[in-house]
Amino acid sequence: MDKINRDVRGWFFIALTFSLLLPFGVFGIIFGAANGITALLVIGITAAAVGFYGCPFAWIAYAGRRSLRVVLRLILNENVYSVEEIASHLSVQESSVTDDVNALIRGGFLKGFLFKNGFLVLNTNRKQQESDALKKQCPACGGRMVYNGVNYVCDYCGTVEENEKTKTRYDS
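None of the values given here were measured: they were computed from a predicted structure.

**Focus: helix 2 (residues 38-76)**
- Here helix 2 spans 54 Å end to end across 39 residues, near enough to the 57 Å set by a 1.5 Å rise per residue.
- Along helix 2, the helix axis deviates most sharply at Gly54, where the bend reaches about 40°; the proline Pro56 sits within four residues downstream.

Take a look at the structure:
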């Protein structure tokens, strides 16, 4: 949540800056023209133009980030994991929620989840350790064994060897 809060705050200050450029630019135009200060006139025209055209875009970006934050709060704080339920909570279309969840994942705001068929599920995949692959040598061909999360598999010949740590024992 900290990352999206910083992002929302950043867009707020950008939008506020663009909003202030317009009146300050108009002031610079008037004061520069009235007193014959060409530099102030040019700065005023530039500030007014940037404020006039940039202000709407900045406020729209800010509003978009705020809506992403609402979706993220539902996911992380309220444990709502389906697109249908999020859409119901927010009274928006499911396609909009799907776009928001994808944007949260792409932006790095939502980590540790996989988005599949309209549902968020915890990502239980674990990063393969390089040491795991280097420790095992294939008993059949001598090639490198790679850990796939369950077993060791030879890159060269495809031999599968069970991992002793994950082997299940069935006692009758």
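**As for unusual backbone geometry**
- The residue Asn79 is not glycine, and still its phi comes out positive at about 55°.
- In this fold, Asn79 is placed in the loop between helix 2 and helix 3 (83-90).
- Under the relative-accessibility criterion, Asn79 is labelled partly exposed at 47%.
- Positive phi, normally seen in glycine, also occurs at Asn117, with a value near 50°.

**Brief notes about the side chain of Asp100**
- Tracing the chain through its elements places Asp100 in helix 4 (residues 94-106).
- In this structure Asp100 is buried but unpaired, with Arg106 as the nearest side chain of opposite charge at 8.2 Å.
- For Asp100, the contacting residues outside a window of four places in its chain are Leu68 and Val71.

**Brief notes about the packing of aromatic side chains**
- Evaluation of the coordinates by the stated rule reveals seven aromatic pairs.
- Considering the side-chain rings of Phe52 and Tyr53, the 5.0 Å spacing of their centres and the 90° angle between planes classify their relative orientation as edge-to-face. In this structure, Phe52 and Tyr53 share a single accessibility class: exposed.
- Their ring planes at 80° and their centres at 5.5 Å tell us that Trp59 and Tyr62 sit as a pair that is edge-to-face. Here the residue Trp59 and the residue Tyr62 both occupy positions in helix 2, the gap between them amounting to three residues, near one helical turn.
- For Trp59, a relative accessible area of 30% puts it in the partly exposed group.
- The buried category is assigned to Tyr62, whose relative accessible area is 14%.
- Through a chain of ring-to-ring contacts, the aromatic side chains of Phe12, Phe13, Trp59 and Tyr62 assemble into a single cluster.

Conventions we followed
- Residues numbered from 1 in each chain as written.
- Predicted model: local features only at pLDDT ≥ 70, side-chain atom pairs only at ≥ 80, totals over all residues.
- Heavy atoms only, no water.
- Helix = DSSP H or I, 4+ residues; strand = E, 2+ residues; numbered from the N terminus.
- Expected span 1.5 Å × (residues − 1).
- Bend = angle between axes of the 7 residues up to and from the residue.
- Buried < 20%, exposed > 50% of the residue type's maximum accessible area, 1.4 Å probe, protein only.
- Lys, Arg positive; Asp, Glu negative; His and termini not counted.
- Salt bridge = Lys/Arg side-chain N within 4 Å of Asp/Glu carboxyl O.
- Contact = heavy atoms within 4.5 Å.
- Phe/Tyr/Trp six-rings, centres within 6.5 Å; stacked < 30°, edge-to-face > 60°.

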